[in-house]
Amino acid sequence: MAEKKIKIIVAKPGLDGHDRGAKLLSRIFAEAGMEVVYTGLRQTPEMIVEAALQEDADVVGLSSLSGVHNYFFPKVVELLKAKKLSNVLVVGGGIIPLEDIPTLKKAGIAEIFGPGTPTDTIVGFIKANVKSK
Amino acid sequence: MDDFDYVAEILKGSPLAMARVMTWLENEDERARSCMEKIYPHTGNAYVLGITGSPGTGKSTLTDGVTWQLRNKELTVGIVAVDPSSPFTGGALLGDRIRMTRHSADPGVFMRSMATRGYLGGLAQFTRGAVKVLDAGGKDFVIIETVGVGQDEVDVMRVADTTCVVLVPGLGDVIQSMKAGIMEIADIYVINKYDRPGADQLFAEVQFRVDQDASIKDRAWVPPVIATVAVEGKGEDDLLEAITAHRTYLEQSGRLLEKRRNRINEETLQMIHHELFRIIRERLTKDSRIEQMVEEIMNHKLNPYNVVEKVVNEWLPASRLK
Ligand SMILES: Nc1nc2c(ncn2[C@@H]2O[C@H](COP(=O)(O)OP(=O)(O)OP(=O)(O)O)[C@@H](O)[C@H]2O)c(=O)[nH]1
Ligand SMILES: [Mg+2]
């Protein structure tokens, strides 16, 4: 059997037009040996989950700068479940107030990484928590 | 999901099942084989289109446009977009989906990104597998996008019924790149980014080469040259028309059957090759035998030629008879 790769969807839900952060993260994940599907700007939760489904992703990484995380992140988890994809690890990042984190985690986001989190920490967390398929 | 019947689900077009079996193919997971065996009788219905060209020439944007055209005709589409893995990190950036977001909520389109991974068995085999999954899943058209650089990519294009080679103005010596095998695989030339300077000249150059080639080789199909501005959706209807014309030519001349027969021949041999290689490699690496052999070759006790003979005779006794 060939070596397995971690496949991660990097998505930027919401309406703001900045994706430098998401693009940088994509490169960091690729450098760490992952196969990264970058989906582009202005993704709806439905589009993100459809991508996760078709790509058979292990991980969905959500980045948000525009304050839409409280709606978008849990919605992605919910839609993943509805598509029988509850094994997919969902992580989030971007500008997210500390007080929102417990609610997001309760909604099924495995971890939230604030700005300035060392990339090793993010990569390490993903590698330790992906599920086999 | 142990009671999930992947074969039945693929035949129903389930994206979940198609996606998972594609992963198994990529991982060379044993679970792929029995599925592939069972879906095989249901393949051969999809028309396979290849789109290749240098990085950034607009292949994904064109794929998106052709998909749009096909969807307007109520045809379903599967897409396999292949991007290179980094030979250093093993990772890959798969960015083709960005250009296809308008189809992402359309159940009539299934899009899969694949990294090249440096497959020992050849990239073509895995692409072929993915195409079969989409085919069995009922897609009318399957589009393969690859960056046209190496032999691997040329091999991938042999999977396609119609291959489009995408060129753009301002990328240097086109005639040079047209010598390097492109002329053999192109059924249609697309001059994309026709909004850019130099497009007319490129068009004329390519047209000249095609005419020249046609006069030397007496080809029954002379590849048309199509101008497009993919970002504006311009010329995509011409492109689909050319694809349809090529398909009609293949079907009416009997070339499609011939092409598919050759493909099955090639594929079967490759699969045998791959499987034998896999078995023998596994055995040779198990007890570090390959390392011992390498040592002995280094010390001039053995050489690669008699090692080959020894290995082959050991595991394929029948070859001694010849
Ligand atoms: N000016 C112009 N730009 C175009 C045209 N078609 C595509 N592009 C742009 O060219 C860039 C690359 O387009 P893609 O469709 O991603 O090209 P690609 O060949 O799939 O790229 P890779 O998969 O990375 O090799 C994008 O920024 C497109 O918007 C066109 O007709 N004219
Ligand atoms: Mg592309």
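Residues numbered from 1 in each chain as written. Chains lettered and ligands numbered in written order. Predicted model: local features only at pLDDT ≥ 70, side-chain atom pairs only at ≥ 80, totals over all residues. Heavy atoms only, no water.

> Explain the interface of chain B and chain A to me, using residue names and the numbers behind them.
Across the boundary between the two partners, chain B contributes 29 residues, which contact 30 residues of chain A. Between chain B and chain A, roughly 2,600 Å² of surface is buried when both sides are summed, and carbon and sulfur atoms account for 53% of that area. Three residues stand out in chain B for area buried against chain A, namely Asn27(B), Leu93(B) and Arg97(B), and they jointly supply 19% of the buried area on that side. Seen at the junction of chain B and chain A, the total is 3 salt bridges. At the surface where chain B touches chain A, the tally comes to 17 residue pairs in polar contact (both at pLDDT 80 or more). Tallying contributions element by element places helix 2 (residues 15-27) of chain B first for the side of chain B that touches chain A, with 7 residues. Split by residue class, the side of chain B that touches chain A holds 11 nonpolar, 9 polar and 9 charged. Direction of pairing for strand 2 (residues 35-38) of chain A relative to strand 3 (residues 92-94) of chain B: parallel, over a ladder of 3 bridges. Note that in strand 3 of chain B the partner of Glu35(A) across the bridge is Ala92(B). (Contact = heavy atoms within 4.5 Å. Buried area = accessible area lost by both parts, 1.4 Å probe. Salt bridge = Lys/Arg side-chain N within 4 Å of Asp/Glu carboxyl O. Polar contact = N/O pair within 3.5 Å; in protein donor to acceptor, adjacent residues only side chain to side chain. Helix = DSSP H or I, 4+ residues; strand = E, 2+ residues; numbered from the N terminus. Nonpolar A, V, L, I, M, F, W, Y, C, P; charged D, E, K, R; others polar. Pairing = 2+ DSSP bridges.)

> Before we move on, could you go through the packing of aromatic side chains and cite the residues and values that matter?
Two numbers describe a pair of aromatic rings. These are the distance of the centres and the angle of the planes. All names here are of chain B. For the coordinates displayed, the defined rule picks out 7 aromatic pairs over all chains. Between tryptophan 221 and tyrosine 249, the aromatic rings sit 5.4 Å apart at their centres with planes inclined by 25°, giving stacked as the arrangement. Of the two residues, tryptophan 221 is situated in the loop between helix 8 (199-217) and strand 8 (225-227) and tyrosine 249 in helix 9 (residues 236-253); the sequence distance between them amounts to 28 residues. Its relative accessible area of 14% is what places tryptophan 221 among the buried residues. (Phe/Tyr/Trp six-rings, centres within 6.5 Å; stacked < 30°, edge-to-face > 60°. Buried < 20%, exposed > 50% of the residue type's maximum accessible area, 1.4 Å probe, protein only.)

> So what's going on with the site of ligand 1? Residues and values would help.
Residues and elements named next belong to chain B. In the vicinity of ligand 1 lie 18 residues, with Lys59, Ser60, Thr61, Arg99 and Asp195 positioned nearest. The separation between an oxygen atom of ligand 1 and a polar main-chain atom of glycine 58 is 2.9 Å. A distance of 3.1 Å separates a nitrogen atom of ligand 1 from a polar side-chain atom of asparagine 192. Of all the secondary structure elements, the ones that give two or more residues to the shell around ligand 1 are helix 4 (59-72) and strand 5 (141-147). Among the residues forming the shell around ligand 1, the class breakdown is 5 nonpolar, 6 polar and 7 charged. (Near = heavy atom within 4 Å.)

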